[in-house]
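# Reading the structure
Spelled out from the first residue to the last, the chains are:
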Amino acid sequence: MITTVTDDATLAHDPEGEVWVGVPIEGTESPGRVTVIREALAGRPMMNPTPHPTSDLASVHDPELIGFLETAWDRWSESGYPSDPGQSKVVPYVFPAVTGVKGRRPQSIGAVAGLFAMDTMTLIGQGSWRAIKAAADCALTAADRVDVEPIYALCRPPGHHAGPAFYGGSCYLNNAALAAQRLIDRGLGPVTVIDVDAHHGNGTQEIFYRRRDVRYASAHVDPGRGWFPHFVGFADETGEGEGLGANLNEPLEPGSGDGPWLDAIVRLCQFAAGSGSLVISLGVDAAAADPESPLEVTSSGYARAGRMVGELGLPAVIVQEGGYHLPTLGGLVVAFLQGVEAGGGW
Ligand code: SP5
Ligand code: ZN
């Protein structure tokens, strides 16, 4: 049976909403996600992560991003913004759209945030860093330990939109990329990251785009049809330089349902042939009831996708990404994990 790596500290991040098109809205990436997933996993083996040195995070991230995330809320708080103008979360208000300004360090934390943030939806509060670090520890611990049988890292906040030096899409550090790099360091390469989250993992793609030891393969709602992350995730993005041919995007039409989604998952699994190990970015927000995507995948679709992954028979670190419909979230995760177990005979 697949073991879960989980930590209470992942509940400490509470964005209490997001700023979307300038408007504070409720938001869907809440601590309750961890609670309902754990409830659904009851009776299964669970363990806490081992704390890793912060320097381990620099295996895939710019130390400037790590330092920013670690200190941003304290700086925000010291700047007085929680009382004037009354914003308790770190939210950028300017975004340097021109490359080459990275060397400049603005005074105001609201401007510094714009150096690293790709959107206004990804808020940083008092407990955020503790959860961000704990999520990374879950992914690293899972990658340290994985052997023949797959292992599941219940990461929160999610990670696949976070790049080498940027955060966004409710993601801060790229848990899946940290796991993939750790598998490479353990000699378990080449690694294929199979991303089944409803959204394209632009951060993971960016981190490995010029490498061939870590392949990236994703099925997601077509960003060209108006869906996040909008600017990345198209089929003609196939990698660069050494990484040419090591990136596969399978954009799907809104409303496509199980058939086309599972056909795409078959191609992602074929793309993983010859790998030494896998990282699965397990977003379950492609499901029909999910508020953040229109893909209309069923729970049995997730079970069948899991089975295909299990049939690959490779060491696999399964990393939690999105999935926002609390009443069905836990069942979807378990459906996928049971599928993996059935496919691999674990
Ligand atoms: C990890 C992950 O799944 N991130 C997804 C981020 C996508 N967020 C896009 C949010 C767009 C605004 N949603 C507002 C919904 C209002 N009904
Ligand atoms: Zn998603």
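Our subject in this report is the structure included herewith. Just so you know, these numbers come straight off a predicted model, no measurement behind them.

Once that is clear, we can look at the pairing of strand β8 (residues 247-252). On any regular strand, side chains alternate: one points to one face of the sheet, the next to the other face. Counting buried positions along β8 yields five of six residues, so the element is predominantly enclosed. Bridging between strand β7 (residues 214-221) and β8 involves six bridges; their strand directions are parallel. Within β8, the residue paired with Val221 across the bridge is Leu252.

Our next topic: the side chain of Ser128. Inspection of the secondary structure puts Ser128 in helix α4 (residues 128-145). A polar contact is formed between the side chain of Ser128 and the backbone nitrogen of Gly125, at a distance of 2.7 Å. For Ser128, the contacting residues outside a window of four places in its chain are Ala12, His13 and Leu123.

Attention now goes to the coordination of the zinc ion (ligand 2). Around the zinc ion (ligand 2), the protein contributes the donor atoms Asp197 (OD), His199 (ND1) and Asp285 (OD), which lie 2.0 to 2.1 Å from the metal centre. One can describe the site at the zinc ion (ligand 2) as tetrahedral: its four donor atoms subtend angles covering 96 to 134° at the metal. Written as a sequence motif, the donor arrangement for the zinc ion (ligand 2) is D-x1-H-x85-D.

Here we come to a nonpolar patch on the surface. Among the surface-exposed residues, Trp20, Val21, Val23 and Ile25 lie close enough to one another that they form a single nonpolar patch of about 390 Å² accessible area. Examined against the element boundaries, Ile25 turns out to sit in strand β3 (residues 23-25).

Here is what the cut-offs are and how they apply
- Residues numbered from 1 in each chain as written.
- Chains lettered and ligands numbered in written order.
- Predicted model: local features only at pLDDT ≥ 70, side-chain atom pairs only at ≥ 80, totals over all residues.
- Heavy atoms only, no water.
- Buried < 20%, exposed > 50% of the residue type's maximum accessible area, 1.4 Å probe, protein only.
- Helix = DSSP H or I, 4+ residues; strand = E, 2+ residues; numbered from the N terminus.
- Pairing = 2+ DSSP bridges.
- Polar contact = N/O pair within 3.5 Å; in protein donor to acceptor, adjacent residues only side chain to side chain.
- Contact = heavy atoms within 4.5 Å.
- Donors = N, O, S within 2.8 Å, 3.2 Å for Na, K, Ca; no water.
- Tetrahedral: all angles 85-135°; square planar, octahedral: opposite > 155°, others 65-115°.
- Patch = residues over 30% accessible without salt bridge, like charges linked within 9 Å, V, L, I, M, F, W, Y side chains within 5 Å.
- Areas by Shrake-Rupley, 256 points an atom, 1.4 Å probe, with all protein chains shown as cover.
- Salt bridge = Lys/Arg side-chain N within 4 Å of Asp/Glu carboxyl O.

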